[in-house]
Amino acid sequence: TMTLIPIVSIVETVVSKGYKGLHWGILTKDMALASVNDPIANGGLLHALVGTILMVGGALIISFPIGVLTALYLTEIRGRLARPIKFLVQAMSGVPSIVAGLFILSAILYPITKQNSAFLGSLSLAILMIPTVARTSEEVLNLIPSDLREAGVALGGTQWRTVAMIVVPAAKSGLLTAVILGVARIA
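Residues numbered from 1 in each chain as written. Predicted model: local features only at pLDDT ≥ 70, side-chain atom pairs only at ≥ 80, totals over all residues. Heavy atoms only, no water.

Our focus in this paragraph is the overall build of the protein chain. When helices and strands are counted, the protein chain shows 8 helices and 0 strands. Along its sequence from the N terminus, the protein chain presents helices and strands in the succession α-α-α-α-α-α-α-α. For the protein chain, the C-alpha radius of gyration of 22 Å lies well beyond 16 Å, the compact-globule estimate for 187 residues. For the protein chain, the residues scored as buried account for 28% of the 187 residues in total. Contacts spanning at least 24 positions in sequence make up 61% of the contacts within the protein chain whose residues lie at least 6 apart. Of the roughly 12,500 Å² of accessible surface on the protein chain, 70% is carried by carbon and sulfur atoms. Here the protein chain carries 13 positive and 8 negative side-chain charges, and the mean point of each set is 6 Å from the other. (Helix = DSSP H or I, 4+ residues; strand = E, 2+ residues; numbered from the N terminus. Rg over C-alpha atoms; globule rule 2.2 N^0.38 Å. Buried < 20%, exposed > 50% of the residue type's maximum accessible area, 1.4 Å probe, protein only. Contact = heavy atoms within 4.5 Å. Areas by Shrake-Rupley, 256 points an atom, 1.4 Å probe, with all protein chains shown as cover. Lys, Arg positive; Asp, Glu negative; His and termini not counted. Charge placed at Lys NZ, Arg CZ, Asp CG, Glu CD.)

Put into structure tokens, the structure is as follows:
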């Protein structure tokens, strides 16, 4: 119960000081025609919602294939680069969001594009999502019984055909969980 006191206090403060800004058009209007001196009921959150959806969607498109392919490499191939890749994934898990943003700013924005865009925001979010998706996908793929892999190879399938036709479909719901955890990491 003691932990609820700060949460209730924060919610009460936000509601008591911000209720005047709530109106019916808050989700359907943007701030294009609103200025600082306009009444608080002018404008809305549409621009912020669309920007968030674009950046998170772009980050998902970038991070999901990279994370799942990394997990497949670590669980199925186990090549000589598996240890360095696993170390890199674990090291990337601790990267603060400000560092990811500053990396994209200094490596891409200033020297190359010189323009802000949702794509660059998606890149910095993808840096944060890739380790979570890769680690979760790796754990999910490790839960798939090796009997399924052996059965696929015994039926004449190659290693990659077995992975594509048996292992990945068996891990489908777990891979969806990896995506959800990746999005939760950036939230």
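The rest of the description comes next.
Our next topic: the packing of helix H6 (residues 146-154) against helix H7 (residues 159-170). How two helices sit against one another is set out by the angle between their axes and by the gap between those axes. Viewed as axis vectors pointing N to C, H6 and H7 meet at an angle of 155°, and their least axial separation amounts to 9 Å. On the basis of their axis angle, the class for H6 and H7 is roughly antiparallel. Seen along the crossing, H6 lies across H7 with a hand that is right-handed. Only Thr162, Ile166, Val167 and Ala170 of H7 make contact with H6, whose side of the interface consists of Leu148, Arg149, Gly152 and Val153. Residues that form the contact of H6 with H7 fall into these classes: 5 nonpolar, 2 polar and 1 charged. (Axes fitted to C-alpha atoms, helices over the stretch in contact; angles between N-to-C directions. Parallel < 35°, antiparallel > 145°, perpendicular 65-115°, else oblique. Left-handed = near helix turned anticlockwise from the far one by under 90°. Nonpolar A, V, L, I, M, F, W, Y, C, P; charged D, E, K, R; others polar.)

Let's shift gears to the pattern of salt bridges. Where side chains of opposite charge bring their charged atoms close, a pairing between them can arise. What the rule picks out here adds up to 2 salt bridges. In this structure, Glu76 and Arg149 form a salt bridge, with 2.8 Å as the shortest nitrogen-oxygen distance. Of the two residues, Glu76 is situated in helix H2 (residues 46-77) and Arg149 in helix H6; the sequence distance between them amounts to 73 residues. The same class applies to Glu76 and to Arg149, which are both buried. Glu138 serves as the salt-bridge partner of Lys86, at 3.0 Å between the closest nitrogen and oxygen. Within this pair, whereas Lys86 is found in helix H3 (residues 82-93), its partner Glu138 is found in helix H5 (residues 118-143), the two being separated by 52 residues in sequence. With relative accessibility at 8%, the residue Glu138 sits in the buried group. (Salt bridge = Lys/Arg side-chain N within 4 Å of Asp/Glu carboxyl O.)

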